[in-house]
Amino acid sequence: MTRSSLPKIHPVVLSGGSGTRLWPMSREHYPKQLLPLCSERSMLQETALRVRDPARFAAPLLVCNQEHRFIIAEQVRQSGLTPQGIVLEPVARNTAAAAAVAALTLAETDPDALLLLLPADHLIRDQDAFLAAVDAAAAVAAAGRLVTFGIVPHAPETGYGYIRRGDAIDGHDGVFTVAAFVEKPTRDRAEEFLAGGTHLWNSGMFLFPAKLFLSELERFEPAVLAAARAALVAGSRDLDFFRLDKDAFAASPGTSIDYAVMERTEQAAVVAADMGWTDVGAWSALWDVGTKDPDGNVRLGDVLMHDTRNSYVRSDCDALVALVGLDDTIVVATDDAILVAARDRVQDVKVLVEQLKRDGRTEPLTHRRVHRPWGFYQSIHSGDRFQVKRLTVAPGARLSLQKHFHRAEHWVVVNGTALVTRGEEEILLRENESVYIPLGTVHRLENPGKVPLNLIEVQSGSYLGEDDIVRIDDTYGRA
């Protein structure tokens, strides 16, 4: 089957993970797929641009955590892409439910749709090999198979699951039946897999006909399919998003595509591919793929080293990070947290994150810079009954019309132009001008200009939490 005779492929980008092993850069409210970890673009942007070829692909459909919706929409817009849609998951239910929602959505307009499911947080360095693997998978999927992508291993990796390939499928070079899915192995078993040549890394990427996947899901996990259908029927449009019904979607079992279908179907196939793939599951993976100096170090940001080897050092803040006499070390510095770890122990970063959550700390959840649909705010300093923030409002954007019960605010414009609603007044502020918002006063901040608005906000009062907001009207549907 030639490329031109294949149906167009519908990419589905799944963006629901939290990436705890990449803390402190990855946070629950701004996880790794939204970060520029491997290039100047975020991993989500790289994933969406990977399937931009109009000869092969339809516009992507994104399925994402509803808390990330505005960030994802803006990143997609910045990439110059117009998605088929952005579906919002109200709760996490693993990949089977997300795939079911995508398959049901796309089958409505294209009953013969081929779905390419791509996690948003994978790195692929060989685009040509990726496209060749997709073409091979599409050909066998169009013939009635559910296809997964197996990565030819180059090391005895214990952090990935494996796929043991079976017989070659006639007429499809590099495509095999699936003999077995294998859980993450011990080091000894991983070395046996590497030597044997029949095991592939399980990439978590899939390509299959929507109808076939749905029929197999109905056969093996009908509760997942029923919950997906109900969540779509009871869901609703919200600006540029489709919001799944929370109660219906929460009723789905939280199971993966592998467990729900791929390990049980007789129609599974695997494409063996060598495309420079990694799931960037830990800081050691970024050391693996990074550009190294003669001492084997990867350095990003303001970094100084002496007598240091085979280390990954990243300063993602204004501070200089300096190392002396260390080998095989990971150091990552952000505005509010610094991680220092042995390179072979970075899988245990999640243990630290779990401890921080138990302690009720904010570091696992947010950065000091918190993104909003209108721009972002960044904490500068806080003390007893006061807090200082920087606010950046995008051109043409505006905050909600709101009031606070426990705090007053003072805004000082640093640059740009601000249009402030204060009660019945409208006040236009320019650089070095300020305004005071008394406690309980209805107010709104807008940027009517064509350049970003930057201002300093000083909050004072008995309670300064972000939940002390009563939204009366909101452009972004949050009121």
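Going by the structure above, here's the rest.
What counts and how
Residues numbered from 1 in each chain as written. Predicted model: local features only at pLDDT ≥ 70, side-chain atom pairs only at ≥ 80, totals over all residues. Heavy atoms only, no water. Helix = DSSP H or I, 4+ residues; strand = E, 2+ residues; numbered from the N terminus. Rg over C-alpha atoms; globule rule 2.2 N^0.38 Å. Buried < 20%, exposed > 50% of the residue type's maximum accessible area, 1.4 Å probe, protein only. Pairing = 2+ DSSP bridges. Axes fitted to C-alpha atoms, helices over the stretch in contact; angles between N-to-C directions. Phe/Tyr/Trp six-rings, centres within 6.5 Å; stacked < 30°, edge-to-face > 60°. 1 Å grid on protein atoms, 1.4 Å probe; cavity = no way out; pocket = protein on both sides within 12 Å on 5 of 7 lines; lining within 4 Å. Points joined across faces, edges and corners; volume = space filled by probe spheres on them. Nonpolar A, V, L, I, M, F, W, Y, C, P; charged D, E, K, R; others polar. Contact = heavy atoms within 4.5 Å. Polar contact = N/O pair within 3.5 Å; in protein donor to acceptor, adjacent residues only side chain to side chain.

### Description of the overall build of the protein chain
For step 1, the next point in the chain: In terms of helices and strands, the protein chain carries 11 helices and 30 strands.
For step 2, the next point in the chain: Relative to the 2.2 N^0.38 estimate, which gives 23 Å for 479 residues, the radius of gyration of the protein chain is 25 Å and therefore close to what a compact globule would have.
For step 3, the next point in the chain: Each principal axis of the C-alpha distribution contributes one length, and for the protein chain these read about 75 × 60 × 40 Å.
For step 4, the next point in the chain: Considering the protein chain as a whole, with its 479 residues, one finds that 52% of them fall into the buried category.

### Some words on the sheet that holds strand β14 (residues 298-300)
For step 1, the next point in the chain: Strand order across the open sheet formed by four strands is β14-β16-β18-β19, with mixed pairing between neighbours. Edge positions in the sheet fall to β14 and β19 (338-342), since each has one partner strand and no second. Direction aside, the axes of adjacent strands within the sheet are offset by 5 degrees on average.

### Concerning the packing of aromatic side chains
For step 1, the next point in the chain: Under the criterion given, the structure shown has eight aromatic pairs.
For step 2, the next point in the chain: Measuring from centroid to centroid gives 5.7 Å for F70 and Y476, while their planes differ by 75 degrees, and the two rings are edge-to-face. Placement of F70 in helix α2 (residues 69-78) and of Y476 in the segment after β30 (470-473) is noted, with a sequence separation of 406 residues between them. Of the two residues examined, F70 and Y476, each falls in the buried class.
For step 3, the next point in the chain: Taken together through their ring pairs, the aromatic side chains of F70, F241 and Y476 make up a single cluster.

### Some words on the layout of surface pockets
For step 1, the next point in the chain: In this structure, the second largest pocket occupies an estimated 810 Å³ of space.
For step 2, the next point in the chain: As for the second largest pocket, its lining consists of 34 residues, and the residues nearest its centre are F70, I71, A73, E74 and Q75.
For step 3, the next point in the chain: Counting residues per element, the ones that place at least two in the lining of the second largest pocket are α2, β3 (85-89), β20 (369-372) and β21 (375-383).
For step 4, the next point in the chain: Here the lining of the second largest pocket gets eight residues from one element, more than from any other, and that element is α2.

### Concerning empty space enclosed by the protein
For step 1, the next point in the chain: Evaluated as defined, the whole model comprises one cavity of 30 Å³ or more.
For step 2, the next point in the chain: What the largest cavity holds in volume is close to 50 Å³.
For step 3, the next point in the chain: Along the walls of the largest cavity sit S18, T20, W23, S26, R27, E28, V353, K357 and P364, which together make up its complete lining.
For step 4, the next point in the chain: Across the lining of the largest cavity, the residue classes tally to three nonpolar, three polar and three charged.

### Some details on the sheet that holds strand β22 (residues 386-393)
For step 1, the next point in the chain: Here we have six strands laid out as an open sheet, ordered β20-β21-β22-β29-β24-β27, and antiparallel in their pairing. For this open sheet the edge positions go to β20 and β27 (434-437), each flanked by a neighbour on one side alone. Neighbour-to-neighbour, the strand axes of this sheet turn through a mean angle of 20 degrees, independent of strand direction.
For step 2, the next point in the chain: Two elements, strand β24 (residues 407-415) and strand β29 (residues 453-461), share eight bridges in a ladder whose sense is antiparallel. Residue N415 lies in a different strand from β29, and its bridge partner there is N454.

### Comments concerning helix α6 (residues 210-220)
For step 1, the next point in the chain: Listing the buried residues of α6 in full gives A210, L212, F213, L214, E216, L217 and F220.
For step 2, the next point in the chain: Against the buried residues of α6 lie α3 (94-109), β4 (114-119), β6 (146-151), β9 (199-209), α7 (222-233) and α9 (257-262).

### Quick word on unusual backbone geometry
For step 1, the next point in the chain: For the peptide bond that leads from W23 to P24, omega is 15 degrees, which places it in the cis range.
For step 2, the next point in the chain: With respect to the helices and strands, P24 occurs in the loop between β1 (9-15) and α1 (43-50).
For step 3, the next point in the chain: One non-glycine residue with positive phi stands out, namely N94, at about 70 degrees.
For step 4, the next point in the chain: With respect to the helices, strands and loops of the structure, N94 is situated in helix α3.

### Notes on the environment of Y162
For step 1, the next point in the chain: Here Y162 is to be found in strand β7 (residues 162-168).
For step 2, the next point in the chain: Assessed through its relative accessible area of 1%, Y162 is described here as buried.
For step 3, the next point in the chain: Within the local environment of Y162, its side chain forms a polar contact with the backbone oxygen of E157, the two atoms lying 2.7 Å apart.

These figures capture arrangement, not role.
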